[in-house]
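# Geometric and topological summary
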Amino acid sequence: MTAAAIRRLILTNFRSYHAAQIELGRAGPVVLTGANGAGKTNLLEAVSMLSPGRGLRNARLGDLDRRRAGDETDTGWAVAATIETRRGPVRVGTGRDAAGGERRAVRIDGEAARGQAALGEVVGVIWLTPQMDRLFIEGPSARRRFLDRLVLGLDPAHAERVGAYEHAMRERSRLLRPMDQGGQADPAWLDALEDGMATRGVAVAAARRDAVERLDEACAAAEGPFPRARLNLFGTVEAWLDELPALAAEDRFRAALRESRSADAPTGGATVGPHRSDLAVTHAEKGVPAGGLSTGEQKALLISIVLAQARVQIDSRGRAPILLLDEVVAHLDASRRAALFEEILALDLQAWLTGTEAALFAGLSGQAQFFGVRDAVVTPVRH
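Structure report, in brief. Throughout, residues of each chain are indexed from 1 in the direction in which the sequence is written. Only residues with pLDDT of at least 70 get local features here, since the model is predicted, and only at 80 or more are side-chain atom pairs given and counted; chain-wide, interface and lining totals rely on the full set of residues. The side-chain figures draw on all heavy atoms in the structure; neither hydrogens nor water molecules are used.

Before going further, it helps to examine the nonpolar core. Working definition of a nonpolar core: buried Ala, Val, Leu, Ile, Met, Phe, Trp, Tyr and Cys residues. They are joined through side-chain atoms within 4.5 Å. Buried, partly exposed and exposed residues are distinguished by accessible area as a fraction of the type maximum, computed with a 1.4 Å probe on protein chains only: under 20%, between the cut-offs, and over 50%, respectively. Residues Ile6, Leu9, Phe146, Trp352 and Leu353 are the most contacted members of the largest nonpolar core, which totals 98 residues. The leading source of residues in this core is helix H9 (residues 295-317), at 11 residues. The criterion used for residue contact is that any of the two residues' heavy atoms lie within 4.5 Å. The contact partners of Leu9, leaving out residues within four places of it in the chain, are Ala20, Gln21, Ile22, Leu43, Val47, Leu50, Val79, Ala80, Ala81 and Trp352. Listed in part, the 22 residues of the second largest apolar core include Ala168, Met169, Ala198 and Ala205. The secondary structure listing takes helices from DSSP runs of H or I that are at least 4 residues long and strands from runs of E that are at least 2 residues long, numbered from the N terminus.

Printed below as a string of structure tokens:
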């Protein structure tokens, strides 16, 4: 197994960075230290944009542009990297052209790629951020995004299927809207959109279902100070797949969409579909749902799940993902902090870790590359 590892990272007009270049002489963990607001999380977000999707902040492409007070110039942004893979070094670039609106460009080894899925073929990226601390106690949409990020590490085409499904659902809602006012909708066009929703929706549900089963097995087999998690996926389409082959589930989904047109017209969206599914996580030893645990135990469960996903990805695809841990280490006690570092090194992960205090990362001294970040300037630090 060869770990995917960034060897060079270049940012242009990205968030607080006008221009930055980081050279990484070897694989292994990367530690970024600096005061709050220095630009550490922006660097992690740039790395997250080397994978399909909207990155660790789930931001619109235009929101990633570098902005200065009083300057509304639309500059666009770019992130480029040289990534070491099993096939050798691969040059990856992505960004938003100022003239392209919300369209995202992707280039692999200098050639334009047809879509973001090409990024997932090169490298997988997963992350934990402070914004995810409430993942288990807020609504299901954040948990679906978290799960979809884990699925992407196993199935790079998953993001495009999710995007196509959501686009078809929005178009269906637009067509249904006149029905709420007594108007009519084109039945042939509705049939076509619902066919696309059924085909892609069942594929999305099946990919999530497969990933959850594999993650649950990996979590159950894990050892160490992090709690074991049990994962379950709940949803109507997933329940159909428990008892029906995929084609029969698609037929049932089409019929359900057709029957719910009148009910869906005033509300938009759809009464049934994978956009309503939810991920349930339980502390295996205590038998307590994650939402009922302390904040520290919830964070420990998230770390356990992310490490399990890394192991599953290594087993299934022969490569480790890049792991982004934003301000995670500061909330761990000494034993769990040491265990996290040990697991990162054992799995040969390129983990990017941030914190305000370099002393928290003493356990990685001599094995990680350290950088100081101050006012969006990145400087190597001997450690």
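This part takes up the pattern of salt bridges. Throughout this description, the term salt bridge denotes a Lys or Arg side-chain nitrogen within 4 Å of a carboxyl oxygen of Asp or Glu. Taken as a whole and assessed by the stated rule, the structure comprises 28 salt bridges. Taking the shortest distance from any N to any O, the salt bridge between Arg8 and Glu23 comes out at 2.7 Å. In this pair, Arg8 is assigned in strand E1 (residues 5-14) and Glu23 in strand E2 (residues 17-23), connecting sequence segments 15 residues apart. According to the relative accessible area criterion, Glu23 is partly exposed, its value standing at 40%. Arg134 is the salt-bridge partner of Glu138, the closest N and O atoms lying 2.8 Å from each other.

Attention now moves to the packing of aromatic side chains. Note on aromatic pairs: the rings of Phe, Tyr and Trp (six-membered ring only in Trp) are paired at centre separations within 6.5 Å, and the planes decide the class, stacked below 30 degrees, edge-to-face beyond 60, tilted for the rest. Scanning the model with the defined rule gives four aromatic pairs in all. Within the aromatic cluster, the residues linked to one another by ring pairs are Tyr165, Trp240 and Phe253.

As a further point, take the side chain of Arg208. Among the secondary structure elements, Arg208 is positioned in helix H5 (residues 187-221). Arg208 sits in the buried class, given a relative accessible area of 4%. If we skip the residues at most four places from it in the chain, Arg208 touches Arg144, Leu147, Asp148, Val151, His158, Leu233, Pro274 and Ser277.

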